[in-house]
Amino acid sequence: MPCSREELERREGQWLAPYAQRSTETRGRAHAEPPPEWRTHYQRDRDRIIHSRAFRRLEYKTQVFLNGTGDHLRTRLTHTMEVAAIARNIARALRLNEDLAEAIALAHDLGHAPFGHTGEEVLDRLMRRHGGFEHNRQSLRIVEELEQKYPGFPGLNLTWEVREGLAKHRPKPPPPGSPRAGAQTPERQPSLEAQVADLADEIAYYSHDLDDGLEAGLLTEARLEREVRLWRRSARQVREQHGALPDECRRFFTVRCLIENQVRDVVRHTEARLQKARVDSLVAVRRRARPLVGYGEQQRRWNLELRRYLYRNLYYHPAVHDVNTRAARSLGALFNHYLEHARHLAAQLGRCPAVRRPRALCDYLAGMTDRYVLHECRRLLGEESVSAPGLFPSQSPRGS
Ligand code: MG
């Protein structure tokens, strides 16, 4: 006999901590639907996200290095998968709802513009007089409105809790149906699962950006060991446990230790905070003035040091930033071209009143992959707006 949703929910009830979000206690979906048969609500959400078009496009969007410039470098998709893996790991350790944390993690960057943060800045500038552009808000727009797949509703009709996790620090989405229970008590924090997904994003990008910087030859282990305490600690651990390792294995294992150290720190300190504050329910989590999921003090300081290092030595390195800036300029060129030649976009702008055209265009451009932007630029403007960037020489043997 197949395992029913009811059985899954019963097991979930036995397993989860009292402050976890239970799928039986979801605030539901904006559009009423029959419940899933063999999955919990959050498992259904996760599957809808993976089956979305926006999710597939993440494969061809830049994380840090321009998409397509290195076969081993992270893309927005592999970044997302690493975030989901870390979020699941922390959620499980804290007995939180792993499916919810995973769904939020998988959807958290759906709204990212092509060409990473440089692309986001360009779109925000272009949209300054029309409400701006911000990728978290765009992730919400995608799952609430822009994906068109289901006959009964726009978007993916995800549960309130997943949408809450995507809203980050902005006002929460309105609850479906009746006024929110307990509305007289301000809800200042999202679920712990949302907090976990948020932190997992940070853990993932710190560690894989380091790894990619080394892979591309823009960072060196020797300098990292001298200047970044997080790296030094992990490198020492690897030496103590494994002695001298071959280059690639040492680098991989140091990054792996770095992730593990951060995950351990978050689990330990979050657990301690929950106990100290005697948090015994999700209501208590939501009423807290500050998030409960987080690093200990030392780890937080060391992360800040790493962050500053990455900004100084990687994110604004000409090999990264100049290439992305040149590529992102093509977004601006396309935006203006489409505005002037709306006939090229009959499907997107056809019946759109003039006042709403900039937002419709912004949605269209933000949804593009890096390579599609460059393709459209060549096709419509005859421009080679970014000279085909070469591949970063791989520091490790190909095919490994
Ligand atoms: Mg992210």
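Residues numbered from 1 in each chain as written. Predicted model: local features only at pLDDT ≥ 70, side-chain atom pairs only at ≥ 80, totals over all residues. Heavy atoms only, no water.

## Considerations on the coordination of the magnesium ion
How we decide: Each metal's donors are the N, O and S atoms within 2.8 Å of it, or within 3.2 Å when it is Na, K or Ca, and because water is not part of the set, sites may look incomplete. Comment: elements are numbered from the N terminus, with helices defined as DSSP H or I runs of at least four residues and strands as E runs of at least two. Exposure is judged per residue with a 1.4 Å probe applied to protein chains only, and the accessible area is read against the type maximum: over 50% gives exposed, under 20% gives buried, and values in between give partly exposed.
Around the magnesium ion, the protein supplies His 79 (NE2), His 108 (NE2), Asp 109 (OD) and Asp 201 (OD) as donor atoms, at distances of 2.1 to 2.4 Å. Going along the chain, you hit the donors of the magnesium ion in the pattern H-x28-H-D-x91-D. Taken together, the residues span a long stretch of sequence, with His 79 in helix H4 (residues 76-93) and Asp 201 in helix H9 (residues 192-215) at a distance of 122 residues. When sorted by exposure, His 79 lands in the same class as Asp 201, which is buried.

## Thoughts on the nonpolar core
How we decide: For the purposes of this section, nonpolar cores are sets of buried Ala, Val, Leu, Ile, Met, Phe, Trp, Tyr and Cys residues that join through side-chain atoms within 4.5 Å.
Grouped together as the largest cluster of nonpolar side chains are 52 residues, with contacts concentrated most on Tyr 19, Ile 49, Ile 90, Leu 96, Leu 110, Val 162 and Leu 192. Considering every element that reaches this core, the biggest residue donor is H9, with eight residues. Within the second largest apolar cluster, 25 residues are counted, among which are Val 122, Ala 327, Leu 361 and Leu 365.

## A short note on the environment of Arg 95
Where we set the bar: Any two residues whose heavy atoms approach within 4.5 Å are treated as being in contact. Pairs of N or O atoms within 3.5 Å make up the polar contacts considered here, provided that, within protein, one atom can donate a hydrogen while the other can accept it, and that residues adjacent in sequence are counted only when both atoms are side-chain atoms.
For Arg 95, the position within the fold is in the loop between H4 and helix H5 (98-107). Linking Arg 95 and Ala 17, residues 78 residues apart in sequence, is a C-alpha distance of 5.2 Å. Discounting chain neighbours no more than four positions away, the residues touching Arg 95 are Trp 15, Leu 16, Ala 17 and Ala 20. In this structure the side chain of Arg 95 is engaged in a polar contact, spanning 2.9 Å, whose partner is the backbone oxygen of Trp 15.

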